[in-house]
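# An overview of the molecular structure
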Amino acid sequence: EVQLVESGGGLVQPGGSLRLSCAASGFTFSSYGMTWVRQAPGKGLEWVSGTNNGGGSTSYADSVKGRFTISRDNTKNTLYLQMDSLKPEDTAVYYCAKSIDDTWWVSYDYWGQGTQVTVSS
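Residues numbered from 1 in each chain as written. Predicted model: local features only at pLDDT ≥ 70, side-chain atom pairs only at ≥ 80, totals over all residues. Heavy atoms only, no water.

## A few points about the side chain of S49
- Mapped onto the fold, S49 is located in strand β5 (residues 45-51).
- A polar contact is formed between the side chain of S49 and the backbone oxygen of S59, at a distance of 2.9 Å.
- Beyond its immediate chain neighbours, meaning those up to four positions away, S49 contacts M34, T35, W36, S59, Y60, I70 and L81. (Helix = DSSP H or I, 4+ residues; strand = E, 2+ residues; numbered from the N terminus. Polar contact = N/O pair within 3.5 Å; in protein donor to acceptor, adjacent residues only side chain to side chain. Contact = heavy atoms within 4.5 Å.)

In structure tokens, the structure reads:
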């Protein structure tokens, strides 16, 4: 059974940092691309960042470029999102998702339950 479990969310002041983790199980993690998606209150899903299966290729939404860093540890079956210089508009539920192949841009077949990130003073 595929499982994706996010953690690391919380309340942080503007300008602060958080590191999200996504622990994966039930599939060969190193064979699949992964992505982070978020949903702000009252809004639709927004793609945030993606990485290929090896972690050597990454991409970011313009809204987070230069502030967020996606990474993965295939020995620990874990995906990360380092979020720096957080802004109130980053407030959202953050989800990790498993790609259907080794890239991040095609489609996703499994999602985590999400972790809440709130940026507020």
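## Thoughts on the pairing of strand β3 (residues 18-25)
- When strand β1 (residues 3-7) meets β3, the two strands line up antiparallel, connected through five bridges. Counted as the bridge partner of Q3 is S25 from β3.
- As judged from the six bridges shared by β3 and strand β8 (residues 78-83), these two strands associate in the antiparallel manner. Pairing of S21 across the sheet is with Y80, part of β8. (Pairing = 2+ DSSP bridges.)

## Quick word on the pattern of salt bridges
- Counted by the stated rule, this structure contains five salt bridges.
- Here R38 makes a salt bridge to D90, at a shortest N to O gap of 2.9 Å. Separated by 52 residues along the polypeptide, R38 in strand β4 (residues 34-39) and D90 in the loop between β8 and β9 (92-99) bring together distant segments of the chain.
- The partner of D90 in a salt bridge is R67, and the shortest N-O contact between them spans 2.7 Å. Remark: R67 occurs in the loop between β6 (58-60) and β7 (68-73) and D90 occurs in the loop between β8 and β9; sequence separation between them is 23 residues. Across the pair, exposure class does not vary: D90 and R67 are buried alike.
- Each member of the salt-bridge network shares a partner with another, and the members are R38, E46, R67 and D90. (Salt bridge = Lys/Arg side-chain N within 4 Å of Asp/Glu carboxyl O. Buried < 20%, exposed > 50% of the residue type's maximum accessible area, 1.4 Å probe, protein only.)

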